[in-house]
Amino acid sequence: VMNEFEKAIVDKLKDDKEYYNGIGKNYLSNSDVGILLNNPKQFRTPRPDNKNFVYGRYFHQLILEPEKSDNFPICDAASRSTKIYKEFIAEHNLEVALLKKEAEEVVGLKNVLINNMDFCMEILQKGNTYETPMIKEIGGVLWKGKADIVTPTNVIDIKTTSNLDAFGYNAKWKYYYCSQAYIYQQLFGKPLIFLVIEKTTGQLGWFDCGQEFLELGKNYVEEAIDVYNTYFGDNPTNNIDTYYIKKTL
């Protein structure tokens, strides 16, 4: 149960500006886990935007915040090497913009997802909340998360992928979705389900999280906390400039 102070923080975190660049900077999130484990010198270094991020944001907006999607910046250019595109991103102060042909692909994927009755009923059922932030102390460190959808029984995260067959492998070993599942289960007190759509084919996948998957995620989180406390916590024991990778080949 949250106290009044925590409720006020969560309310502020509904604003994306606060979540990513404001008060949310006081909290770790799953996006920090891979960085802390693989290259902690890049911790809290701004990440450049890219076309996959933009693609995913538009997809999420179409499903979860359709009222905002009409204002999403979309460039009617053949490619990102054209003069039209370069002038567009300069005019809109963007690092990367979605091309019109990509936006049309995203709309098609959204329609596939919404037209599947099982997925649609889960996404739109009564009692759901959307883009819901939460905070909690995990392992002595403050964490945040923003769930795509919180249902009466689950937390749902919507993903796009270029290869649905590889999703399970990548979820464990590449994108740290297992640590996301563990963190969100701690934050919201409900199991996480990944609803996944393959960008090239529209094939849908429904992935719940087994105990082994969650245990791996917990291990990642604990390792990330150790690195955080060593180099960045309230009482760090090492300077990040001393960090190096040591492995046996």
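Our structure is the block above this text.
*Asks:* Is there a simple way to think about the overall build of the protein in this case?
*Replies:* When you go through the protein residue by residue, the secondary structure sums to 11 helices and 7 strands. Compactness check: the protein gives a C-alpha radius of gyration of 19 Å against a globular reference of 18 Å for 249 residues, within 12% of the reference. When burial is assessed residue by residue, the protein has 45% of its 249 residues classed as buried. Considering only contacts within the protein whose residues lie at least 6 apart along the sequence, 61% involve residues at least 24 apart. When the accessible area of the protein is evaluated, it comes to approximately 14400 Å², of which 49% is carbon and sulfur surface.

*Asks:* How do you make sense of the sheet that holds strand β6 (residues 192–198) when you look at a structure like this?
*Replies:* Sheets are built from strands paired through backbone hydrogen bonds, the pairs being either parallel or antiparallel. Pairing in this open sheet of 5 strands is mixed, and the strands run β3-β4-β5-β6-β7 from one edge to the other. Each having just a single partner strand, β3 (129–138) and β7 (204–208) make up the two edges of the open sheet. Each adjacent strand pair in this sheet contributes to an overall mean axis angle of 35°, direction not counted. Of the pairings in the sheet, the one linking β6 to β7 comprises 5 bridges and is antiparallel in character. Its bridge partner lying in β7, isoleucine 197 is registered against leucine 204.

*Asks:* Is there a simple way to explain the packing of aromatic side chains in this structure?
*Replies:* We describe a pair of aromatic rings using the distance from one ring centre to the other and the angle between the two ring planes. Using the criterion set out here, one finds 15 aromatic pairs in the structure. Between phenylalanine 43 and phenylalanine 232, the ring centres sit 4.6 Å apart and the planes meet at 40°, which makes this aromatic pair tilted. Residue phenylalanine 43 is found in the loop between α3 (30–38) and α4 (51–64), and its partner phenylalanine 232 is found in the segment after α11 (211–231); the two are separated by 189 residues along the sequence. The partly exposed category is assigned to phenylalanine 232, whose relative accessible area is 25%. Ring centres 5.9 Å apart and planes at 50° place the aromatic pair tyrosine 184 and phenylalanine 188 in the tilted group. Of this pair, tyrosine 184 and phenylalanine 188 both sit in helix α10 (residues 177–188), 4 residues apart, roughly one helical turn. An identical accessibility class is assigned to tyrosine 184 and phenylalanine 188; each is buried. The rings of Phe43, Tyr228, Tyr231, Phe232 and Tyr243 are connected pair by pair, giving a single aromatic cluster. Geometry around tyrosine 55 places lysine 199 over its ring, the cationic atom sitting 5.0 Å from the centre.

*Asks:* How do you make sense of the side chain of aspartate 157 when you look at a structure like this?
*Replies:* Its location among the elements puts aspartate 157 in strand β5 (residues 155–161). Accessibility expressed as a relative area gives 6% for aspartate 157, which makes it buried. Looking at aspartate 157, its side chain comes within polar contact range of the side chain of glutamine 180, at 3.1 Å. Apart from the residues within four sequence positions on either side, aspartate 157 is in contact with Asp148, Gln180, Leu192, Ile193, Phe194 and Leu195.

*Asks:* Is there a simple way to think about the layout of surface pockets in this case?
*Replies:* To locate leftover empty space, one rolls a probe as large as a water molecule over the atoms. Size it by volume and the second largest pocket reaches roughly 240 Å³. Lining of the second largest pocket is provided by Leu36, Leu37, Asn38, Tyr176, Tyr220, Glu223, Val227, Tyr243, Ile245, Lys246 and Lys247. Elements supplying a minimum of two residues to the lining of the second largest pocket: α3 and α11.

*Asks:* Looking at this structure, I do not really get the pattern of salt bridges. What am I missing?
*Replies:* Pairs may arise between side chains of opposite charge once their charged atoms sit close together. Using the criterion set out here, one finds 9 salt bridges in the structure. Of the charged contacts in the structure, one is a salt bridge between aspartate 11 and lysine 14, with a shortest N-O distance of 3.4 Å. Given the relative accessible area of 51%, lysine 14 is considered exposed. Where aspartate 157 meets lysine 159, a salt bridge forms, and the shortest distance between an N and an O atom there is 2.9 Å. Each member of the pair, aspartate 157 as well as lysine 159, carries the same accessibility label: buried.

*Asks:* Looking at this model, I keep getting lost on the packing of helix α7 (residues 100–115) against helix α8 (residues 117–124). Mind explaining?
*Replies:* When two helices pack together, their arrangement is captured by the angle between the axes and the distance separating the axes. Running from N to C, α7 and α8 cross one another at 90°; their axes reach a closest spacing of 5 Å. In terms of axis orientation, α7 runs roughly perpendicular to α8. Here Leu113, Ile114 and Asn115 of α7 lie close against α8, whose contacting residues are Met117, Phe119, Cys120 and Ile123. For the contact of α7 with α8, the class distribution of residues is 6 nonpolar, 1 polar and no charged.

*Asks:* Hey, could you run me through α10 in this one?
*Replies:* What sets the pattern is the α-helix's 3.6 residues per turn: residues three or four places apart point alike. Its 12 residues give α10 an end-to-end C-alpha distance of 16 Å, which sits within 8% of 16 Å, the value for a rise of 1.5 Å per residue. Within the span of α10, buried status applies to Tyr177, Cys178, Ser179, Gln180, Ala181, Tyr182, Ile183, Tyr184, Leu187 and Phe188. Two residues or fewer after α10 comes glycine 189, characterised by a positive phi angle close to 70°.

*Asks:* Looking at this structure, I do not really get a negative patch on the surface. What am I missing?
*Replies:* Negative charge collects at one region of the surface, where Glu215, Glu222, Glu223 and Asp226 lie side by side. Its location among the elements puts glutamate 223 in helix α11.

Reading guide: rules and limits
Residues numbered from 1 in each chain as written. Predicted model: local features only at pLDDT ≥ 70, side-chain atom pairs only at ≥ 80, totals over all residues. Heavy atoms only, no water. Helix = DSSP H or I, 4+ residues; strand = E, 2+ residues; numbered from the N terminus. Rg over C-alpha atoms; globule rule 2.2 N^0.38 Å. Buried < 20%, exposed > 50% of the residue type's maximum accessible area, 1.4 Å probe, protein only. Contact = heavy atoms within 4.5 Å. Areas by Shrake-Rupley, 256 points an atom, 1.4 Å probe, with all protein chains shown as cover. Pairing = 2+ DSSP bridges. Axes fitted to C-alpha atoms, helices over the stretch in contact; angles between N-to-C directions. Phe/Tyr/Trp six-rings, centres within 6.5 Å; stacked < 30°, edge-to-face > 60°. Lys NZ or Arg CZ within 6 Å of the ring centre and 35° of its normal. Polar contact = N/O pair within 3.5 Å; in protein donor to acceptor, adjacent residues only side chain to side chain. 1 Å grid on protein atoms, 1.4 Å probe; cavity = no way out; pocket = protein on both sides within 12 Å on 5 of 7 lines; lining within 4 Å. Points joined across faces, edges and corners; volume = space filled by probe spheres on them. Salt bridge = Lys/Arg side-chain N within 4 Å of Asp/Glu carboxyl O. Parallel < 35°, antiparallel > 145°, perpendicular 65-115°, else oblique. Nonpolar A, V, L, I, M, F, W, Y, C, P; charged D, E, K, R; others polar. Expected span 1.5 Å × (residues − 1). Patch = residues over 30% accessible without salt bridge, like charges linked within 9 Å, V, L, I, M, F, W, Y side chains within 5 Å. Lys, Arg positive; Asp, Glu negative; His and termini not counted. Charge placed at Lys NZ, Arg CZ, Asp CG, Glu CD.

By themselves these figures say nothing about function.
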